[in-house]
Amino acid sequence: MIKTSERLIAPGGVYNIPETLYHSDPVPGGSLSCSGAKKLLPPSCPALFRHEQENGQPHKKAFDIGSAAHKMVLGVGPDLVQIDAEEWRSNAVKAEVAAVRHNGGIPLKPSEMAQIKAMGKALREHPIASALLTPEGGKAEQTLVWQDTETGIACRALVDWLPNRNGNRLVIGDYKSSVSANPEDFRKAAYNYGYCMQNPWYLDGIRALDLEEDPDFVFVVQMKTPPYLVSLIRLDEEALRIGAERNRKARRVFADCLESGVWPGFTDTEIAEVSLPSYATYQHNNDFES
């Protein structure tokens, strides 16, 4: 059942809530998202996860284009506000930018606004990508909250697009704006950015809430530069296995930290012994072999 709430939400439902509320973790007792799961595991650590959980993530200008592209494609999210200046150096322009951000919007330069509009147009012209993310076929940015059966912790996911159930197999499309839409480049990103974890994480939520017994998941990847190419990418079984194993590990770490109240850093009281990276040893041996 779809629910709308501005207050705390409980496991066992699909909620239509603002993104800001989702990121504040409105689940009683705390819950784990996929982005949090990534932060709990190497190369990060639970202490960094806890710090970000308590203090939030600092704003980065690099996030603006991705968030704005999501708004243009999905139709929901922060207001996009054009700042009529390509240079944001004057005090007056800086104040205008700050005011937009204070009000929850995304300030964009004229060239950036044109870029976002062109990306939206290119995606709508792609027959399959547009069908996966069509407003007529589902609801944008739906929050799934469920209870993990192994650890008992609450998990949550913010699905870009939740299709209406029409008797066909449920296909979840997840939109990514990227420097490259080449599937070969996505192979690296799938591991480096934890997309291999996101895919099974979301499907776990779909199954746990009985939305679909055998759901599918497709990444819709779009270049942020002309010609704004769009690629449809599905991870293979090995990638999903690795992601699922990392998810299970992160859930166990989260459950242990909640129970103990201890959120370990990289080494804590242990002394870490490290060696030089393999390329340094190789270079040294080449330099001194004679």
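In the block above lies the structure referred to throughout.
Residues numbered from 1 in each chain as written. Predicted model: local features only at pLDDT ≥ 70, side-chain atom pairs only at ≥ 80, totals over all residues. Heavy atoms only, no water.

(A) How the structure looks around the side chain of Asp216. Structurally, Asp216 can be placed in strand β9 (residues 216–223). Its relative accessible area of 9% is what places Asp216 among the buried residues. Only 2.6 Å separates the side chain of Asp216 from the side chain of Arg234, close enough to count as a polar contact. Apart from the residues lying within four places of it in its own chain, the contact partners of Asp216 are Arg169, Leu170, Val171, Ile172, Leu203 and Arg234. (Helix = DSSP H or I, 4+ residues; strand = E, 2+ residues; numbered from the N terminus. Buried < 20%, exposed > 50% of the residue type's maximum accessible area, 1.4 Å probe, protein only. Polar contact = N/O pair within 3.5 Å; in protein donor to acceptor, adjacent residues only side chain to side chain. Contact = heavy atoms within 4.5 Å.)

(B) Structural detail: the pairing of strand β7 (residues 154–163). Most of β7 is tucked away: ten of the ten residues are buried. By the bridge criterion, two bridges tie strand β3 (residues 31–32) to β7 in an arrangement that is parallel. Looking at the pairing, Leu32 lines up with Cys155 of β7. With nine bridges joining them, strand β6 (residues 138–147) and β7 adopt antiparallel strand pairing. Within β7, the residue paired with Gln147 across the bridge is Ala154. Hairpin geometry of β6 and β7 is characterised by an intervening segment of six residues between the two adjacent antiparallel strands and by a positive phi of about 85° at Gly152. (Pairing = 2+ DSSP bridges.)

(C) Highlighting the pairing of β6. Counting buried residues along β6, eight of its ten residues qualify, which places the element largely inside the surrounding structure. Strand direction decides the pairing type here: strand β2 (residues 13–15) and β6, joined by three bridges, are antiparallel. When the bridges of β6 are listed, Gly13 appears paired with Val145.

(D) Layout of helix α4 (residues 62–74). For α4, spanning 13 residues, the distance from its first C-alpha to its last is 19 Å, which sits close to the expected 18 Å at 1.5 Å a residue. Buried within α4 are the following residues: Asp64, Ile65, Gly66, Ala68, Ala69, His70, Lys71, Val73 and Leu74. Following α4 by one or two positions, Gly75 has its phi on the positive side, about 85°. (Expected span 1.5 Å × (residues − 1).)

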